[in-house]
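A structural walkthrough
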Amino acid sequence: MNKYFDEVIGDPIITTGNGNCLFNAVSLLLYGDESKSVQLRYHICLRMVRDSTSYMNHPHRKRIQCLSPSYEATGIDCATIGGFSSAWTILALCDIIRRPVRILYPSVNGVNDFAHTSLNTTFEPSSVVPAGHSTINILWYAQGQLPKQGSLYAVNHFFPVLDMKCKSKNPLTYSSSSSSSSSSSSSSSSSSSSSSSSSSSSFAI
């Protein structure tokens, strides 16, 4: 596995592969088990509905659109137990747990592969990260499929990762507050998302 990264990625942990694997992985990292998976899905779904304008005007939305289902389709999946997650889901996840999420996406088709350069990165919440809220690390991988260079590599599972040895070298960070040449509507919607970070849809941790 480590040959597909420019770092030692640490120890992936097996999670239940039932369509809820992103939420299972986060629950396991934050609480030690998968018991908060449904609650995480619920709060993330609410955030995606409420702050849809902000997320759809995200500075890196064009990259996300190329590699993900539509925002609307992802929202419907998020509202469905067993529905799959995408980069859109991860953006809202960061705002709910109020901490960065480091996604580890293997460079099966080379370090310059568009999917690898776009998704092997850190997603940041739109508001200030509270003290003590460290980055969590999640491997986005193809469960049951051996990577083969030059072939279609379809990721289908999220694994929580422990014991990261070093930080990512990828300069691309998915932060709603990052400087960008995006439109003023993006800026205003980002500030709207930031100002609402302490609302009732935030997840208590």
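Higher on the page you've got the structure.
Below: a short report on this structure. (Residues numbered from 1 in each chain as written. Predicted model: local features only at pLDDT ≥ 70, side-chain atom pairs only at ≥ 80, totals over all residues. Heavy atoms only, no water.)

**Comments concerning unusual backbone geometry**
Not every positive phi belongs to a glycine, and R98 is a case in point at roughly 55°. The partly exposed category is assigned to R98, whose relative accessible area is 28%. (Buried < 20%, exposed > 50% of the residue type's maximum accessible area, 1.4 Å probe, protein only.)

**Here's the deal with the pairing of strand β2 (residues 101-104)**
Remember that side chains alternate between the two faces of the sheet whenever the strand is regular. Side chains V101 and I103 of β2 all project onto a buried face; the interleaved residues R102 and L104 project onto the opposite face, where all are buried too. Pairing between β2 and strand β3 (residues 122-124): two bridges, direction antiparallel. Bridge assignment links V101 to a residue of β3, and that residue is F123. Relative to strand β4 (residues 136-141), β2 is paired through four bridges, and the arrangement is parallel. Among the inter-strand pairings, V101 is bridged to a residue of β4, identified as I136. (Helix = DSSP H or I, 4+ residues; strand = E, 2+ residues; numbered from the N terminus. Pairing = 2+ DSSP bridges.)

**Looking at the environment of S35**
For S35, the position within the fold is in the loop between α1 (21-31) and α2 (37-50). The sequence separation of S35 and F23 amounts to 12 residues, and the corresponding C-alpha distance is 9.6 Å.

**Points about the packing of aromatic side chains**
A complete count under the given rule lists three aromatic pairs for this structure. Residues Y105 and W140 carry aromatic rings whose centres are separated by 6.0 Å and whose planes lie at 85° to one another, so their mutual orientation is edge-to-face. Separated by 35 residues along the polypeptide, Y105 in the loop between β2 and α7 (114-119) and W140 in strand β4 bring together distant segments of the chain. Accessibility expressed as a relative area gives 6% for Y105, which makes it buried. (Phe/Tyr/Trp six-rings, centres within 6.5 Å; stacked < 30°, edge-to-face > 60°.)

**Let's talk about helix α5 (residues 71-78)**
Owing to its 3.6 residues per turn, the α-helix brings residues three or four apart onto one side. For α5, the set of buried residues is Y71, T74, G75 and C78. For α5, the buried positions fall inside an angular range of 100° around the axis, keeping them on one side. (Arc of directions from axis to C-beta.)

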